[in-house]
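The lines below spell out each chain.
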Amino acid sequence: MNEYIFVEGGMIGTDRHVIGRGLRQMLPIICLLLAVPGLAQPDRQWVLEKSTLTYHVSHPLHDTDGISHAARGKVVCHAGQCDVLIAAPVKSFDSGDSNRDLHMLQATHGAQFPLVSVRIRLPEADFGSSTILCDLEIEFAGQTVPYRQVPFQQVTEGIYTRISGTIPATLADFKIPPPSLFTVPVKNEMPVLVETTWRPI
Amino acid sequence: MTGEVTETQGPVFDLLRPDNFSESFEIACSESVEMLSATVSVSDMPLLGRKAMAAQTKDDTTVAPQEKPAKPSLLDLGIPPDQSQGNAEAQARLDKRSHMLKIHQTLGLITLIPMIATIFAGGSAGAHGSTSSRDLHGALGLVTAGMYITTASYAIRAPSVPGMEVRGPIRVHKALAWVHAAGMILTPILGAMARSQLDRGEKVHGIATAHSAVADVTVAAYAAAIGSVALKF
């Protein structure tokens, strides 16, 4: 029933009930060394520092941009893969006209589905290049729509990384009936400009 | 075994079974870490005790694979569930509001037709006009007033959204509504006074002479109200 316990390469005892003073002092470190590698710890994480999301809709009478700075986001990287989540309240988009914003909120079922969220999964290595091709999954207006190979530009400034790009969304993608003004509907195209700044945590 | 770098994974507390280590070691480890799993290199076996590692390797077949860190969730972003859950009642309110304002918009455009027609008919309903042309002008005015009231009622009765600050061109639209609403009350009153004076064979006089000017201002304010939501400025 004897056990061999080695500390720093040397055998200090043959009785398993005998633990040297040095070993006792090192117990917390030893236990942490045993445990830490198995933790489901991400390799790297980023948090969204600031952002501007802008949707654009076009009508024969005028064009409209709705802007939100209220998005929150996080990137978690592990084993070479990164998961990105960005979410913003639908009601946070401001087009400069409260009446239009309320119509937008109604048309997009914004009270029933109050958040628009974007999920991205991509290899961590992709963050090294200036252009990233992302496969997105957007949840909006009760619909989940994938967009493939959407190009985003990346610029690193100090600890901050700016990532920007345009998602080629359409109203039809999310089954949103085109809002109309004076019975003339807006165009189906609704590109969303995404400008984000991330910092590591 | 020396030099082998294969790894085995499993719960730390399985390694700390009573027959593997002294009681003091177990207590110390239990107090020092509160972890559920560990990855242990075979090269660390001497430190742990071969029996413990053997037991651990045996258990590996039944141990769940190493957990990956969870994908970021809305909670990670600081968004509590109550903010991500929908409100059917609020959506119904928005739907009703939009529906009523669409009707308001459509009726408002239609109302513009009798309104302009009334202006044109008024040109031949003055002092030198016939009774029939005055009747036509009056009838068109009544239709306009009826449609105007109906149009306005949809905007007035549309449910408001609590906490929503009014911003943008809609403020101009609402301000102009006070102008054309006052005009829509004054214009028929002044028109009736003018008609009465003309029917008595009198020349239009007093406040009734403002009928035409008030009507013009009313139509201009009405058209501007439409333009305020149509054009970006």
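Look up: the structure comes first, before these words.
The structure presented is a predicted model; accordingly, all values stated were derived computationally and were not measured.

K.L.:
Mind showing me how you'd approach the overall build of chain A here?
P.N.:
Along its length, chain A carries two helices and 13 strands. Here chain A holds 201 residues, and 47% of them are scored as buried. Expressed as a percentage of contacts within chain A between residues at least 6 apart in sequence, the contacts between residues at least 24 apart total 55%. Within the structure as shown, chain A displays about 10,000 Å² of accessible surface, and the carbon and sulfur contribution to it stands at 56%.

K.L.:
I would appreciate a short explanation of the environment of M184(B) in the present structure.
P.N.:
All names here are of chain B. Mapped onto the elements of the fold, M184 is located in helix α8 (residues 169-199). For M184, a relative accessible area of 13% translates into the label buried. Taking the C-alpha atoms as reference points, M184 and Y148, separated by 36 residues in sequence, lie 8.1 Å from one another. With sequence-adjacent residues up to four places away left out, M184 is seen in contact with M115, T144, A145, Y148 and T218.

K.L.:
In this structure, what is going on with helix α6 (residues 88-122) of chain B? I would like to understand it.
P.N.:
It helps to recall that an α-helix has 3.6 residues per turn; residues three or four apart then point in one direction. The terminal C-alpha atoms of α6(B), which comprises 35 residues, lie 50 Å apart, in line with the 51 Å expected from a rise of 1.5 Å per residue. For α6(B), the capping residue at the N-terminal end is N87(B), with a side-chain oxygen 3.0 Å from the backbone nitrogen of E89(B).

K.L.:
Help me understand the packing of aromatic side chains in this model?
P.N.:
For any pair of aromatic rings, the description rests on two quantities: the centre-to-centre distance and the angle between the ring planes. Counting across every chain of the model gives five aromatic pairs over all chains. Note on Y55(A) and F93(A): the rings are 5.7 Å apart at their centroids and 50° apart in plane angle, and the pair reads as tilted. With a gap of 38 residues between them, Y55(A) in strand β3 (residues 44-58) and F93(A) in the loop between β6 (81-89) and α2 (98-107) connect regions that are remote in the sequence. Classification of Y55(A) as buried rests on a relative accessible area of 10%. Residue class for F93(A) comes out buried when judged on its relative accessible area of 10%. Put simply, the rings of F140(A), Y147(A) and F174(A) touch in pairs and so form one group of aromatic residues. One Lys or Arg, R157(B), reaches over the ring of Y154(B) and ends 4.9 Å from the middle of that ring.

K.L.:
Looking at this structure, I do not really get the pattern of salt bridges. What am I missing?
P.N.:
Pairing is possible between side chains of opposite charge, provided their charged atoms come close. Counted by the stated rule, this structure contains nine salt bridges over all chains. In this structure, E124(A) engages R44(A) in a salt bridge whose closest nitrogen and oxygen atoms are separated by 2.7 Å. Within this pair, whereas E124(A) is found in the loop between β7 (115-123) and β8 (131-140), its partner R44(A) is found in strand β3, the two being separated by 80 residues in sequence. Judged by relative accessible area, E124(A) falls into the buried class, the value being 15%. Exposure remark for R44(A): the relative accessible area of 38% places this residue in the partly exposed category. In this structure, E202(B) and R200(B) form a salt bridge, with 3.1 Å as the shortest nitrogen-oxygen distance. On the basis of relative accessible area, E202(B) is assigned to the partly exposed category, the value being 30%. Here R200(B) falls in the exposed class, since its relative accessible area comes to 52%.

Reading the values: the criteria
- Residues numbered from 1 in each chain as written.
- Chains lettered and ligands numbered in written order.
- Predicted model: local features only at pLDDT ≥ 70, side-chain atom pairs only at ≥ 80, totals over all residues.
- Heavy atoms only, no water.
- Helix = DSSP H or I, 4+ residues; strand = E, 2+ residues; numbered from the N terminus.
- Buried < 20%, exposed > 50% of the residue type's maximum accessible area, 1.4 Å probe, protein only.
- Contact = heavy atoms within 4.5 Å.
- Areas by Shrake-Rupley, 256 points an atom, 1.4 Å probe, with all protein chains shown as cover.
- Expected span 1.5 Å × (residues − 1).
- Polar contact = N/O pair within 3.5 Å; in protein donor to acceptor, adjacent residues only side chain to side chain.
- Phe/Tyr/Trp six-rings, centres within 6.5 Å; stacked < 30°, edge-to-face > 60°.
- Lys NZ or Arg CZ within 6 Å of the ring centre and 35° of its normal.
- Salt bridge = Lys/Arg side-chain N within 4 Å of Asp/Glu carboxyl O.

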